[in-house]
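If you want the building blocks of each chain, they are given just below.
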Amino acid sequence: MIGRDKAAQAPDFTATDSEGRSVTLSDFKGKKNVFLVFNRGFT
Amino acid sequence: MIKVGTKAPDFALRDQNGKTVRLSALAGKKVLLSFRPMAWTAVCHDQMKSLEENHAQLDEMDSVALGIGVDSVPSNKAWAESMGIRNTRLLADFWPHGAVAGAYGVFREKDGFSERANIVIDEKGKVAFARTYPVAEQPDIEEVLEALRSGGGRG
């Protein structure tokens, strides 16, 4: 898993949120810490 | 898209309750494969409801309608419950993603989901009817029921 052994650059990505809006990781750079939660829907 | 008269590729997928459905186990019955792009959207909702509403008629014709989409089993379960679907099995073509849609030539590589399509398979496992619809269009269920009745139709 990324970053488990040493600090690694987080791969940038763009994905669509539940309202259909585009979210790009690099937009948060220098502004906020980002916590990514990978989930399985409806479980 | 798969051609009328060809042998329908066999598959095994899980329904909304996690039970496996194998096409070849339904030999001797007519099978309607109703592919739809995405769960939780309006046209797909109406498409699945039309299968449920015609369940008794399909049963009388010794036919089984199966909804197929790329959504997961838990998503299909929640979706079926929200629509009040009890008699129609919704199959999860989730992993390998869209593999069954691909085998029937209705997977949209660019979008990651399937076409809206109805495919009728006869008692001997041959494709008797195959049609795709615009993603925003509700399929004509009467045309499909007629294909099931006559055992064939347009391709």
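Check the entry above for the structure.
As a starting point, this report considers the structure included with it. Computed from a predicted model, the values in this text were never measured in an experiment.

Rules and cut-offs
- Residues numbered from 1 in each chain as written.
- Chains lettered and ligands numbered in written order.
- Predicted model: local features only at pLDDT ≥ 70, side-chain atom pairs only at ≥ 80, totals over all residues.
- Heavy atoms only, no water.
- Core = buried A, V, L, I, M, F, W, Y, C linked by side-chain atoms within 4.5 Å.
- Buried < 20%, exposed > 50% of the residue type's maximum accessible area, 1.4 Å probe, protein only.
- Helix = DSSP H or I, 4+ residues; strand = E, 2+ residues; numbered from the N terminus.
- Contact = heavy atoms within 4.5 Å.
- Buried area = accessible area lost by both parts, 1.4 Å probe.
- Salt bridge = Lys/Arg side-chain N within 4 Å of Asp/Glu carboxyl O.
- Polar contact = N/O pair within 3.5 Å; in protein donor to acceptor, adjacent residues only side chain to side chain.
- Nonpolar A, V, L, I, M, F, W, Y, C, P; charged D, E, K, R; others polar.

Describing the nonpolar core
Residue and element names in this part refer to chain B.
Moving on, step 1. Counting residues in hydrophobic clusters, the biggest one holds 26 residues, and the most contacted among them are Phe11, Leu33, Phe35, Tyr104 and Ile119.
Moving on, step 2. Those elements that place two or more of their residues in this core are strand 3 (30–35), strand 4 (63–69), helix 4 (99–103), strand 8 (116–121) and strand 9 (127–133).
Moving on, step 3. Ignoring any residue separated from it by four or fewer positions in sequence, one finds Ile119 in contact with Met1, Ile2, Val31, Leu32, Leu33, Phe35, Tyr104, Val127, Phe129 and Ala130.
Moving on, step 4. Grouped together as the second largest cluster of nonpolar side chains are 22 residues, Ala65, Trp79, Phe129 and Ala147 included.

Things to note about helix 5 (residues 141–150) of chain B
Moving on, step 1. Along helix 5 of chain B, the residues that are buried comprise Ile141, Glu143, Val144, Leu145, Ala147 and Leu148 of chain B.
Moving on, step 2. Residues of helix 5 of chain B that are buried make contact with strand 3, helix 1 (42–53), helix 2 (55–60), strand 4, strand 8 and strand 9 of chain B.

Overview of the interface of chain B and chain A
Moving on, step 1. Listed as interface residues are four residues of chain B and, on the opposing side, four residues of chain A.
Moving on, step 2. Here chain B and chain A share an interface that buries about 270 Å² over both sides, 81% of which is from carbon and sulfur atoms.
Moving on, step 3. Inspection of the region where chain B meets chain A yields zero salt bridges.
Moving on, step 4. Where chain B meets chain A, there are zero residue pairs in polar contact (both at pLDDT 80 or more).
Moving on, step 5. Considering only residue class, the side of chain B that touches chain A consists of three nonpolar, one polar and no charged.

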